[in-house]
Structures are given as C-alpha cells and as structure tokens.
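# Examining the three-dimensional arrangement
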Amino acid sequence: MALEILLSEEQIQGRIDALAEQIKADYGEEPVLMVSVLKGSFYFLADLSRRLGHNFTMDFVQVSSYGDGKSSSGIVQIRKDLDLTIEDKHVLIVEDIVDTGATLNHLRELFGTRRPKSIKVVALLSKTAARTVKTPIEYVGFEIPSRFVVGYGLDHAERFRNLPYIAVLDGE
Ligand code: IMP
C-alpha cells in the first residue's frame, strides 16, 4: 500500500512546540491531568508532555468506535477507564484525531459527570467537514480533509502507527 505524506515530521513537531507554549501560558502553575485517548494519541502525548512542566500529570483511557474498518460505528465503548479520580482537577483530553466527534462528545459527557474543575481538549488533527456531533476543541493542531490518514499513532487495522509522519493511504 502506497502512502502519500500529508504532514511531515517537521510540520508535526513544529506545531506541537506552538501548542505546548499556548497550553503552558493558559494553565500557568495550575496542576493539569492530561488524559490520553489510547491507542492513537500515545506519540502525541509523549511529544507534547515532554514540552510541558512538572504540573502536568497523565492518565489513560481506551475507547473503541472503529473496529478494523475505516469508518466510525458511532457507538463508543470504554475499554479501559481512568486509574485516577478527576474530581476537582483540570482535565486536558489529548486526542489524536476528531472525525465525527462521537468519541470526544462521549468522553466530555462521561468526565463531566465526575465533577472536574475544568475540561479542555487538545486534538492533533480535526476533520471538521466530517463532524456529525458538535463538540468543542480548545486546541487544534491541524485541520485536515475528510480522508483516512495513518501514522504518528494512527492506524489502519493496527498497522502504520509507527510512522513519524502522517499520510493518506493510497487509493483513498
Ligand atoms: P470519531 O468518534 O468519529 O470522532 O472518531 C475518533 C476516533 O476514530 C479517533 O480517535 C481515531 O481512533 C479514529 N479515526 C478517525 N479518523 C481516523 C483516520 O483518518 N485514521 C485513523 N483513525 C481514525
């Protein structure tokens, strides 16, 4: 399968520098719990968190809505919940990509019931044209077209996660 590069490693890393500066400036010295949505966001969390200070901690949640296909089922299942409580904490959800918005909307609603101090979202990629569920995203890395992309954590049937860039699968 041929790959067409959409965002280079340099573009991704440069944008993460800027996102980290903005996030640091906005939270100041407040403690923040970053919640990484597995599996796709693990490279993004690793690169973003290393640019942030000691007041940023991490936890993980795993959801599924895609299975092995290329389109969302719309049904969001929690496969692994958080280990930590979020009551009275600033929560920053770290997402790889927001497509229909169903996953993010579900997580915002779920975490909202646990009485955090605040909830914000940082998403590396957003396919705004594909959105069917409107949900706010405070920090967006890149707006991309509604095409199926892989790399930098994103997979197709578990493959291509370990590419350092983001690419469209040929034939899309
Ligand atoms: P949503 O619920 O439709 O917004 O989809 C969110 C999830 O679907 C993301 O966290 C990804 O895991 C997956 N996803 C959406 N678009 C893509 C894509 O282009 N490539 C790989 N995974 C994707």
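Up top is the structure these notes are about.
Calculation criteria
- Counting restarts for each chain: residues are numbered from 1 in the order of the written sequence.
- For a predicted model such as this one, the threshold for reporting local features is a pLDDT of at least 70, and the threshold for listing and counting side-chain atom pairs is 80 or more; totals across whole chains, interfaces and linings nevertheless cover every residue.
- The side-chain values count all of the structure's non-hydrogen atoms but skip hydrogen atoms and water molecules.
- The distinction between a cavity and a pocket rests on a 1 Å grid over the protein atoms alone: a 1.4 Å probe fits inside a cavity but cannot get out, while a pocket stays open yet meets protein on both sides within 12 Å along at least five of seven lines, and a residue with an atom within 4 Å of a point counts as lining.
- Grid points are joined across faces, edges and corners, and a volume is the space filled by probe spheres set on the points.
- In this scheme, a residue with accessible area under 20% of its type's maximum is buried, one over 50% is exposed, and one in between is partly exposed, where area comes from a 1.4 Å probe on protein chains only.
- Here a helix means four or more residues in a row that DSSP labels H or I, a strand means two or more in a row labelled E, and each is numbered from the N terminus.
- Only strands joined by at least two bridges in the DSSP assignment are considered to pair.
- Looking down the strands as they point away from the viewer, one classifies a crossover as right-handed if the path from the first strand across the helix to the second runs clockwise.
- Angles run from 0 to 180 degrees between N-to-C directions of axes, and those axes are lines fitted to C-alpha atoms, restricted for helices to the stretch in contact.
- For classification purposes, angles smaller than 35 degrees are called roughly parallel, those larger than 145 roughly antiparallel, those between 65 and 115 roughly perpendicular, and all remaining angles oblique.
- In a left-handed crossing the near helix is turned counterclockwise from the far helix by less than a right angle, and in a right-handed crossing that turn is clockwise.
- Here, residues are in contact when the closest pair of their heavy atoms is within 4.5 Å.
- Each residue is assigned to one of three groups, with Ala, Val, Leu, Ile, Met, Phe, Trp, Tyr, Cys and Pro labelled nonpolar, Asp, Glu, Lys and Arg labelled charged, and all others, Gly among them, labelled polar.
- Throughout, nonpolar core names a set of buried Ala, Val, Leu, Ile, Met, Phe, Trp, Tyr and Cys residues whose side chains join them through atoms within 4.5 Å.
- Whether a residue is near a molecule or strand is decided by its heavy atoms; if any one of them lies within 4 Å of it, the residue is near.
- Nitrogen and oxygen atoms within 3.5 Å of one another constitute a polar contact, given that in protein one can donate a hydrogen and the other can accept it, and given that sequence-neighbouring residues count only through two side-chain atoms.

## Quick look at empty space enclosed by the protein
The full count for this structure, using the stated rule, is one cavity of 30 Å³ or more. Computed from the structure, the largest cavity encloses a volume of approximately 30 Å³. Along the walls of the largest cavity sit Gly40, Ser41, Phe44, Asp96, Leu124, Leu125, Tyr152, Leu154 and Ile166, which together make up its complete lining.

## Some points on the pairing of strand E5 (residues 90-98)
Of all nine residues in E5, nine are buried, a share of seventy percent or more. Where strand E2 (residues 32-38) and E5 come together, five bridges link them in parallel fashion. Bridged to valine 32 within E5 is histidine 90. Of the strand pairs in this sheet, E5 and strand E6 (residues 118-126) are connected by eight bridges, and their pairing is parallel. Across the sheet, the residue bridging to valine 94 is valine 122, located in E6. Of the crossover connections in this fold, the one passing from E5 over helix H3 (residues 102-112) to the parallel E6 is right-handed.

## Considerations on the packing of helix H1 (residues 9-27) against helix H2 (residues 42-49)
Close contact between H1 and H2 brings their axes to 9 Å; oriented N to C, the two are set at 60 degrees. In this view, H1 runs oblique relative to H2, as classed from their interaxial angle. For the pair H1 and H2, the crossing hand works out as right-handed. Contact residues: Gln13, Ile16, Leu19, Ala20 and Ile23 in H1; Phe44, Asp47 and Leu48 in H2. Broken down by class, the residue content of the contact of H1 with H2 amounts to six nonpolar, one polar and one charged.

## Section: unusual backbone geometry
A cis geometry characterises the amide bond from leucine 38 onward to lysine 39, with omega recorded as -5 degrees. Relative to the elements of secondary structure, lysine 39 occurs in the loop between E2 and H2. With a phi angle near 55 degrees, arginine 115 is a residue other than glycine that sits in the positive phi range. The residue tyrosine 152 is not glycine, and still its phi comes out positive at about 50 degrees. Tracing the chain through its elements places tyrosine 152 in the loop between strand E8 (149-150) and strand E9 (166-169).

## A few points about the nonpolar core
By size, the foremost hydrophobic cluster in this structure holds 28 residues, and its most contacted members are Ile23, Phe44, Leu48, Val122, Leu124 and Leu125. If you list the elements that add at least two residues to this core, you get H1, E2, H2, E5, E6, strand E7 (139-143) and E9. Here this core takes six residues from H1, the largest share from any one element. When residues no more than four places from it in sequence are discounted, the contact partners of leucine 124 are Ile12, Ile16, Phe44, Glu95, Asp96, Gly141, Phe142, Tyr152 and Ile166. Membership of the second largest hydrophobic core comes to 19 residues, among which are Val37, Val61, Leu82 and Val121.

## Section: the environment of leucine 3
Along the chain, leucine 3 falls in strand E1 (residues 3-7). Among the residues examined, leucine 3 registers a relative accessible area of 29% and is labelled partly exposed. Ignoring any residue separated from it by four or fewer positions in sequence, one finds leucine 3 in contact with Val150, Phe160, Leu163, Tyr165, Ala167, Val168 and Leu169.

## Structural notes on the site of the ligand
Around the ligand, a shell composed of 17 residues is seen, among which Asp99, Thr100, Thr103, Lys127 and Val149 lie nearest. In this structure, an oxygen atom belonging to the ligand sits 2.9 Å away from a main-chain N or O atom of glycine 101. Valine 149 is positioned such that a nitrogen or oxygen atom in its backbone is 2.6 Å from a nitrogen atom of the ligand. Breaking the shell around the ligand down by element, the ones donating at least two residues are E5 and H3. In terms of residues, the shell around the ligand owes the most to one element, E5, which gives four residues. Here the residues of the shell around the ligand sort into seven nonpolar, four polar and six charged.

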